[in-house]
Amino acid sequence: MDLEQKAVMKALAFSFLGAILPITGCAGGVDEEPQGNVQTAREVCGGLSKSAADTLKTIAGTDSFTSEPSQDSPALPSGLTEEVEKGNGDDEHVLCSIEPEKVKNEQRIRVYAKVLAELPGAPDERLRGNTPFKVGLRGEASALGAQLYFKCARGNADPTHAPVIKADFRYAPASRGEVSYQGNMQLLNEVSYRLAQQLSCLPSSQLSMKQVTE
């Protein structure tokens, strides 16, 4: 092969590499697809009503999310059933973890549950700025989420000595849109209702899927 042929082959090789590199370089760029299956607000946490989903969209400024667990009927967190049977628990369990997609500086959005031996005393009315709601044993919503308590007497157990479950919906930083205290409580109420169903203590929980009221 003479010098002229070698020069032509070398030029073709560089041309080929130049065509490949832009394609392979995109794999690590900022426009990567989010991990997992992207869901709408109606689909996270096993499914939400329109009003609860609207609240979530307002909080996050998007209708694209990934959630964990992402199943339609999420399994109970490990150890939660045993703590209910025991009547008390030390751990705060994550019922649902929600990650907004396609927004910058997204919130950390979680729903938690903890098993308590009894209902704690109500907070001092003079020190709180939360809004109370008629859900379960007690519920209140704030600008950064909501919390409620319900009795969990499984099956035909006596509710008098049954444990109490504290459910907590929290997000930070603050909502991107106008805060809805009722919307925050509605979202938590729906997740808590499904939890009471899964634990077979819905009758004692005094929870329903109706719109929550103050």
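As the structure is a prediction and not an experimental result, all values here were calculated from the model.

Participant: Looking at this structure, how should I read the overall build of the protein?
Facilitator: Across its full length, the protein holds five helices and seven strands. Order of helices (α) and strands (β) in the protein, N terminus to C terminus: α-α-β-α-β-β-β-β-β-β-α-α. When each of the 214 residues of the protein is scored for burial, the buried share is 41%. Long-range pairs, those at least 24 residues apart, make up 64% of the contacts in the protein between residues at least 6 apart in sequence. Total accessible area computed for the protein in this model is approximately 12300 Å², and 52% of it derives from carbon and sulfur atoms.

Participant: It is not clear to me how the pattern of salt bridges should be interpreted in this structure. Could you clarify?
Facilitator: It is possible for side chains bearing opposite charge to pair when their charged atoms get close. Inspection of every chain in the model, using the stated rule, returns six salt bridges. One salt bridge connects D54 with K50, and the closest N-O pair in it is separated by 2.9 Å. Linking D54 with K50, this pair stays in helix α2 (residues 50–60), spanning four residues, or about one helical turn. Salt-bridge contacts for R154 lead to E85; the nearest nitrogen and oxygen are separated by 2.6 Å. Here R154 is found in the loop between β6 (145–151) and β7 (164–172), whereas its partner E85 is found in helix α3 (residues 80–86), with 69 residues between them in sequence. Judged by its relative accessible area of 56%, E85 is exposed.

Participant: What is the right way to look at the pairing of strand β2 (residues 93–100) in this model?
Facilitator: The side chains of a regular strand alternate between both faces of the sheet. Burial of β2 is extensive: six of the eight residues sit out of reach of the surface. Here four bridges tie strand β1 (residues 65–68) to β2, and the two strands are oriented antiparallel to one another. Across the sheet, residue F65 finds its bridge partner in β2, namely P100. Sheet analysis places β2 next to strand β3 (residues 108–116), joined by five bridges and oriented antiparallel. Note on β3: the bridge partner recorded for S97 is R110.

Participant: So what exactly am I meant to see when it comes to the environment of G89 here?
Facilitator: Relative to the helices and strands, G89 resides in the loop between α3 and β2. Since its relative accessible area comes to 7%, G89 is described here as buried. In this structure the C-alpha to C-alpha distance between G89 and V115, which are 26 residues apart in sequence, comes to 5.0 Å. Sequence-distant contacts of G89, defined by excluding residues within four places in its chain, comprise E83, K114 and V115.

Each value, and the rule that gives it
Residues numbered from 1 in each chain as written. Predicted model: local features only at pLDDT ≥ 70, side-chain atom pairs only at ≥ 80, totals over all residues. Heavy atoms only, no water. Helix = DSSP H or I, 4+ residues; strand = E, 2+ residues; numbered from the N terminus. Buried < 20%, exposed > 50% of the residue type's maximum accessible area, 1.4 Å probe, protein only. Contact = heavy atoms within 4.5 Å. Areas by Shrake-Rupley, 256 points an atom, 1.4 Å probe, with all protein chains shown as cover. Salt bridge = Lys/Arg side-chain N within 4 Å of Asp/Glu carboxyl O. Pairing = 2+ DSSP bridges.

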